[in-house]
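Here are the chains, one letter per residue:
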Amino acid sequence: MFLSIPVSPTDTSPTTQASKATQQQTNPTLAAETAGAMGTYKCCLIFKRRFRWTDAPPPDDVRALFAEHSGGAATMGADGLRRYLESTGGDPDAADADAEGEADRLLDQIRLQGHQQRAGPRLPRLGRGQLLGLDDFHRFLFSADLNPPLRRPQVHHDMSQPISHYYVYTGHNSYLTGNQLSSDCSDVPIIKALQRGVRVIELDMWPNSAKDDISILHGRTLTTPVSLLKCLKSIKEYAFVASPYPVIITLEDHLTPELQDKVAKMVLEVFGDILYYPQEEHPKELPSPEFLKGRVLLSTKPPKEYLEAKDGGAVKDGDAEQNPGKGTDDDAAWGTEVPDFKTEIQSAKEEDASEHRRDDDEDDDDEDEQKMQQHLAPQYKHLITIRAGKPKGGTTSDALKCDPNKVRRLSLSEQQLAKAVVNHGTEIVRFTQRNLLRIYPKGTRVTSSNYNPFIGWVHGAQMVAFNMQGYGRALWLMHGFYKANGGCGYVKKPDFLMQSEPEVFDPKKPQPVKKTLKVKVYMGDGWRMDFKQTHFDQYSPPDFYARGRDRRRSGGLGDEEDKGGGGQLGAGVGGGVLLRSDGARAGAAAGGGA
């Protein structure tokens, strides 16, 4: 099955270049003009240098596939396209009329796309007979619009189970526009997250300078605040544009009871009937995403800052990243490789426990906080659906104890989780069968980088919180994961994580391989969309080089070498992209950058 997977880090579709590749093979004039347009770079401010780039013809696999479904003919009609769609995941139970209509619709779209993407002279278009040539079929296969990785995405998981049965698309410090120390706070990143389908938004509430209103900011840093009311209004407006399923607002509360009462009135005024809160103070089970469709929930814990009367320094403990500039240029641009489980756990174990570094979050229910419960504004307390907190004791085992009479949310930093899974893996899995576990980035990630989400997911953690304003491989992995289940922001956990009999799943035990997915990479394109022609150096055109990977690590998938000028270059899994100054294109590997 052929899928078009854009490798450009922006939302700009790379299909324009794929389309032009086909057009240039049949139109030399257009090829020359396009080569001039895409390969022209200024030098010494007044001179121009031009570099011609070429596109490879359809690969042999595409030719064979076309011949198979066209019956060996030079063109393919609606019947052949329908046969291809059925063989690659089309609905076998669809009525013939529906399948034929789908094929005709695709033929029209392929023709329309070719017309809309023309540049310069008029493009060749499909004839009245609605027939596809080899180049048209090639363009269709590598079109992110016409042949997306997920065809007709829709919600297909059972959504009637308690929320604890699902992974939830979760953001961390959702109001930040950049780094964790000095960037602006705004409702814009909240809006972008909701438009992407994120279902958990985090807001840090602090008193404003006059102590009479609520600001949202990263406390004890240089971040500029944004008003709580503005954030709440934006959440209401955009909460369900991408998904009808519930939005959870996690509040990090640093307010006095008077300001908490003001928050309660503000929340009720903004959300009205769509705000959900239970009648009982401690529900024994959380509702299902289906039951909570179109609703907004609050999750928080009692504050402690006013009781502890800490001196608010400029920067939180542990928030100064060590050697923030350390790393290769590639890592700075794309984010570091997502480490495997053993590497992540070993790294956490090597952290010096004597540093007494505290992360900027969460859930320590000491005696002072217990006392604070009685001072909570009654209305505010009543609006909290998912209560956060640790039981008294302080050990990991105590924190993971399950109370059969109530459910709660527990938060751990990525480091705390990596240390806990060493000896408490099954306890974590058991805890997450009824309760919610939230994982958040460690305090040293001041550049808004992210971590390996799989450690949390494999132990059943529902809320693996990511810096959505960040960048890099880990975040792309997160975005890709939540494309599942129609992109609704809720992905049902596998059944084995919910089973308690005959035993709770142990992530450390070796598991048999049930299915192997092999990916052959044909090309990576679309990176040009991110750069202006003068973006690089005015004295030279851009030069990109593929980074080699050990075949033992990459598995050797798709490793091909192009020894001729102007062709394509395949890269191994996790590989990079190459554009030489002669304009040769490169294939990008699955999981790699481009």
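Residues numbered from 1 in each chain as written. Predicted model: local features only at pLDDT ≥ 70, side-chain atom pairs only at ≥ 80, totals over all residues. Heavy atoms only, no water.

An unreviewed UniProt entry lists the chain under the name Phosphoinositide phospholipase C, with Aegilops tauschii subsp. strangulata as the source organism. In UniProt, the chain has this text filed under Subcellular location (unreviewed entry): "Cell membrane". As its UniProt record puts it under Catalytic activity (unreviewed entry), the chain is described as follows: "a 1,2-diacyl-sn-glycero-3-phospho-(1D-myo-inositol-4,5-bisphosphate) + H2O = 1D-myo-inositol 1,4,5-trisphosphate + a 1,2-diacyl-sn-glycerol + H(+)". (UniProt positions renumbered as here; feature names shortened; annotations may be inferred.)

A few words on the packing of aromatic side chains. Overall, the coordinates contain 17 aromatic pairs when judged by the stated rule. Each ring, one from tryptophan 457 and one from tyrosine 482, has its centre 6.3 Å from the other, and the planes form 75 degrees; the classification is edge-to-face. In this pair, tryptophan 457 sits in helix H17 (residues 454-458) while tyrosine 482 sits in the loop between helix H18 (473-481) and strand S14 (490-492), placing the two residues 25 residues apart along the sequence. For the pair tryptophan 457 and tyrosine 482, one class covers both residues: buried. Every member of this aromatic cluster is reached through a ring pair, and the members are Tyr167, Tyr169, Phe454, Trp457, Phe481 and Tyr482. (Phe/Tyr/Trp six-rings, centres within 6.5 Å; stacked < 30°, edge-to-face > 60°. Helix = DSSP H or I, 4+ residues; strand = E, 2+ residues; numbered from the N terminus. Buried < 20%, exposed > 50% of the residue type's maximum accessible area, 1.4 Å probe, protein only.)

Looking now at the pairing of strand S13 (residues 463-466). Covered by surrounding structure in S13 are Met463 and Ala465 together with Val464 and Phe466, the residues of both alternating faces. Strand direction decides the pairing type here: strand S4 (residues 170-171) and S13, joined by two bridges, are parallel. Bridge pairing in S13 links threonine 170 to alanine 465. Note: strand S12 (residues 436-440) against S13, two bridges, orientation parallel. Within the sheet, the bridge partner assigned to arginine 438 lies in S13 and is methionine 463. (Pairing = 2+ DSSP bridges.)

Inspection of the secondary structure assignment puts phenylalanine 505 in the loop between S14 and helix H19 (551-554). Spatially, the C-alpha atoms of phenylalanine 505 and arginine 430 are 8.4 Å apart, while their sequence positions differ by 75 residues. Residues within four places of phenylalanine 505 in sequence aside, it is in contact with Thr426, Val429, Val458, Phe496, Leu497, Gln499 and Gln511. (Contact = heavy atoms within 4.5 Å.)

A separate point is the packing of helix H4 (residues 78-87) against helix H6 (residues 134-141). Two numbers describe how H4 lies on H6: the axes approach to 13 Å, and their chain directions differ by 30 degrees. With respect to H6, the axis of H4 lies roughly parallel. Between H4 and H6 lies a crossing of right-handed hand. Touching Leu81, Tyr84 and Leu85 of H4 are Phe137, Phe140 and Leu141, all from H6. Considered class by class, the residues forming the contact of H4 with H6 number six nonpolar, no polar and no charged. (Axes fitted to C-alpha atoms, helices over the stretch in contact; angles between N-to-C directions. Parallel < 35°, antiparallel > 145°, perpendicular 65-115°, else oblique. Left-handed = near helix turned anticlockwise from the far one by under 90°. Nonpolar A, V, L, I, M, F, W, Y, C, P; charged D, E, K, R; others polar.)

Contact geometry for helix H7 (residues 188-196) and helix H8 (residues 228-238): axes closest at 9 Å, N-to-C directions at 20 degrees. Classed by the angle they form, the pair H7 and H8 counts as roughly parallel. Here H7 and H8 pass one another in a crossing that is right-handed. Residues Ile190, Ile191, Leu194 and Gln195 of H7 lie in contact with H8, whose contacting residues are Cys231, Ser234, Ile235 and Tyr238. Residues belonging to the contact of H7 with H8 are distributed by class as follows: six nonpolar, two polar and no charged.

Right, let's talk about unusual backbone geometry for a bit. Between glutamate 501 and the following residue, proline 502, the backbone shows a cis peptide bond with an omega angle of 0 degrees. Positive phi, close to 65 degrees, is recorded for lysine 211, a residue that is not glycine. One non-glycine residue with positive phi stands out, namely serine 448, at about 65 degrees. One can find serine 448 in the loop between S12 and H17.

Bringing the pattern of salt bridges into the picture now. In a structure, side chains of opposite charge can pair up when their charged atoms sit close to one another. Applying the stated rule across the entire model yields eleven salt bridges. Close ionic contact of aspartate 213 with lysine 262 constitutes a salt bridge, the shortest N to O distance being 3.7 Å. One end of the pair, aspartate 213, is in the loop between strand S5 (200-207) and strand S6 (214-216); the other, lysine 262, is in helix H9 (residues 257-271), and 49 residues separate them in sequence. Residue aspartate 213 is classed as partly exposed on the basis of its relative accessible area, which comes to 28%. In this structure, the salt-bridge partner of glutamate 503 is lysine 509, at a minimum N-O distance of 3.4 Å. Classification of lysine 509 by relative accessible area gives partly exposed; the value is 41%. (Salt bridge = Lys/Arg side-chain N within 4 Å of Asp/Glu carboxyl O.)

Rolled over the atoms, a probe with the dimensions of a water molecule shows which regions are left empty. Scanning all chains against the criterion turns up six cavities of 30 Å³ or more. Computed from the structure, the largest cavity encloses a volume of approximately 60 Å³. Residue lining of the largest cavity: Glu281, His282, Pro283, Leu286, Thr385, Ile386, Arg387, Val407, Arg408 and Arg409, and that is the complete set. With three residues, the top contributor of residues to the lining of the largest cavity is strand S10 (residues 384-387). Across the lining of the largest cavity, the residue classes break down as four nonpolar, two polar and four charged. (1 Å grid on protein atoms, 1.4 Å probe; cavity = no way out; pocket = protein on both sides within 12 Å on 5 of 7 lines; lining within 4 Å. Points joined across faces, edges and corners; volume = space filled by probe spheres on them.)

With that settled, consider the confidence of the model for the chain. Low-pLDDT stretches of the model should not have their predicted coordinates read in fine detail. For the chain, the average pLDDT comes to 74, and 60% of its residues sit at 70 or higher. Counting contacts from residues 352-361, a segment whose pLDDT is below 50, to residues more than four positions away or on other chains yields 26 contacts. (pLDDT = per-residue confidence, 0-100.)

Mapped onto the elements, proline 507 comes out in the loop between S14 and H19. The class of proline 507 is buried, set by a relative accessible area of 19%. Discounting residues that sit within four places of it in the chain, proline 507 has contacts with Gly425, Val429, Val458 and His459.

Looking at H7, one finds that the buried residues are Pro189, Ile190, Ile191, Ala193 and Leu194. Each element contacted by the buried residues of H7 is listed here: S5, H8 and strand S8 (247-253). Where H7 terminates, the next one or two residues include glycine 197, which has phi positive at roughly 115 degrees.

Right, let's get into the nonpolar core. Core analysis: the largest hydrophobic core is formed by 67 residues, its most contacted members being Leu203, Met205, Leu228, Leu232, Ile235, Ile249 and Phe271. With seven residues, the top contributor of residues to this core is H9. Discounting residues that sit within four places of it in the chain, leucine 228 has contacts with Leu203, Met205, Ile214, Ile216, Val263 and Met266. Residues Val62, Leu106, Leu132 and Phe137 belong to the second largest nonpolar core, which totals 21 residues. (Core = buried A, V, L, I, M, F, W, Y, C linked by side-chain atoms within 4.5 Å.)

What follows deals with the environment of arginine 409. By the secondary structure assignment, arginine 409 is in strand S11 (residues 409-413). C-alpha separation for the pair arginine 409 and phenylalanine 431, spaced 22 residues apart in sequence, amounts to 10.0 Å.

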